[in-house]
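Summary of the model geometry
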Amino acid sequence: AAVANEAAIDIDAIATAGAGCLEGTVSKSIEVLPSGALKIDLEFSEYNVLVGYEKTLDRKNCALAISISLAANQKLKVARITLRTDGVLAEDSKSVLRAEVFTAGSQGPIIAREIQPDQELQGRFLLKGKDILETECGAQVNLRVNSSILINSQGTGNESGLSAASMTLILTAEACN
């Protein structure tokens, strides 16, 4: 278990599920930053979508569950989320990156980015969110992140694809008032 802010945040477990992050296809690392925040990095090997020729639509998802214990006088804040993708989008394609951050039993904000090229695009596309969620004080929290990548092509014959390379979460603990 990784601990930050003098045991204010204790990560008990990280579980993944979904077509984009099946067991054994995600590497996980947790680092305590100099500020005391926790940085959770997930690297994916199979979180990719591809269209072209006969296939015009592809979607993959990843469901992440993080079991967290908080000190009695602390609340959890999801300070930042970043989903990094690499790929090529042909001019007749579009892609939607989406993530929802929430605690078990609740709904959270949905962060989305649509990529609609005027021309062929190649490179790295980011989905970013800041100051996304705060929890109650001193709780056992089941933090959830559901993400997805959708790619759609209006034409046939042009190949387009995106691969989600990684996701980073920055978690902080804040004193309750």
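As the structure is a computational prediction, the values presented were derived from the model and not from experiment.

Attention now moves to the pairing of strand S3 (residues 26-32). The sheet contact formed by S3 and strand S4 (residues 38-44) spans seven bridges and is antiparallel. Opposite Ser 29, over in S4, you have Asp 41 as the bridge partner. Between S3 and S4, which pair antiparallel and follow one another directly, the connecting turn spans five residues, one of which, Gly 36, has a positive phi of 100 degrees.

The next subject is the packing of aromatic side chains. One pass over the full model with this rule turns up one aromatic pair. Relative to Tyr 47, the ring of Phe 44 lies with its centre 5.0 Å away and its plane at 85 degrees, an arrangement referred to as edge-to-face. Summarising the burial analysis for this pair, Phe 44 and Tyr 47 share the class buried.

One pass over the structure, following the stated rule, counts five salt bridges. Where Asp 41 meets Lys 39, a salt bridge forms, and the shortest distance between an N and an O atom there is 3.7 Å. Judged by relative accessible area, Asp 41 falls into the buried class, the value being 17%. Lys 77 is paired through a salt bridge with Asp 131; the nearest N and O atoms lie 3.5 Å apart. Remark: Asp 131 occurs in strand S10 (residues 121-137) and Lys 77 occurs in strand S7 (residues 74-89); sequence separation between them is 54 residues.

Let us now look at unusual backbone geometry. Of note in this structure, Asp 131 is not a glycine but carries a positive phi near 45 degrees. A relative accessible area of 52% means that Asp 131 is categorised as exposed.

This brings us to the pairing of strand S5 (residues 48-51). Only one face of S5 is buried, namely the one carrying Val 49 and Val 51, since none of Asn 48 and Leu 50 on the opposite face is buried. Where S5 meets strand S12 (residues 160-175), four bridges bridge the pair, whose relative direction is antiparallel. Across the sheet, Asn 48 pairs through a bridge with Ser 163, a residue of S12.

To continue, consider the confidence of the model for the protein. Looking at the protein, the pLDDT average stands at 85 and 90% of residues meet or exceed 70. When pLDDT is averaged over each helix and strand of the protein, the minimum, 50, is found for strand S1 (residues 2-4) and the maximum, 93, for S4.

With respect to the helices and strands, Thr 82 occurs in strand S7. Among all residues touching Thr 82, those that are not within four sequence positions of it are Leu 126, Leu 127, Lys 128, Ser 166, Met 167 and Thr 168.

Moving on, we come to the nonpolar core. With 42 residues, the main nonpolar core has Phe 44, Ile 68, Leu 143 and Leu 171 as its most contacted residues. Broken down by element, the residue count for this core peaks at six residues, all from S12. Not counting residues within four places of it along the chain, the set of residues in contact with Leu 143 comprises Leu 64, Ala 65, Ile 66, Ile 68, Leu 76, Val 78, Val 101, Phe 102, Leu 133 and Leu 171.

Below, the discussion takes up the state of the cysteines. Scanning all chains against the criterion turns up two disulfides. There is a disulfide in this structure between Cys 21 and Cys 62, and the S-S distance comes to 2.1 Å. Measuring the twist about the S-S bond at about 100 degrees, one finds the Cys 21-Cys 62 disulfide to be right-handed. Placement of the pair is Cys 21 in the loop between strand S2 (9-17) and S3 and Cys 62 in strand S6 (residues 57-70), with a sequence separation of 41 residues. As far as burial versus exposure is concerned, Cys 21 and Cys 62 are alike and both buried. At a sulfur-sulfur separation of 1.8 Å, the disulfide partner of Cys 137 is Cys 176. Because the torsion about its S-S bond is -125 degrees, the bridge between Cys 137 and Cys 176 counts as left-handed. With Cys 137 in strand S10 and Cys 176 in the segment after S12, this residue pair connects regions lying 39 residues apart in the sequence. On the basis of relative accessibility, which here comes to 25%, the residue Cys 176 falls in the partly exposed class.

What counts and what doesn't
- Residues numbered from 1 in each chain as written.
- Predicted model: local features only at pLDDT ≥ 70, side-chain atom pairs only at ≥ 80, totals over all residues.
- Heavy atoms only, no water.
- Pairing = 2+ DSSP bridges.
- Helix = DSSP H or I, 4+ residues; strand = E, 2+ residues; numbered from the N terminus.
- Phe/Tyr/Trp six-rings, centres within 6.5 Å; stacked < 30°, edge-to-face > 60°.
- Buried < 20%, exposed > 50% of the residue type's maximum accessible area, 1.4 Å probe, protein only.
- Salt bridge = Lys/Arg side-chain N within 4 Å of Asp/Glu carboxyl O.
- pLDDT = per-residue confidence, 0-100.
- Contact = heavy atoms within 4.5 Å.
- Core = buried A, V, L, I, M, F, W, Y, C linked by side-chain atoms within 4.5 Å.
- Disulfide = S-S within 2.5 Å.

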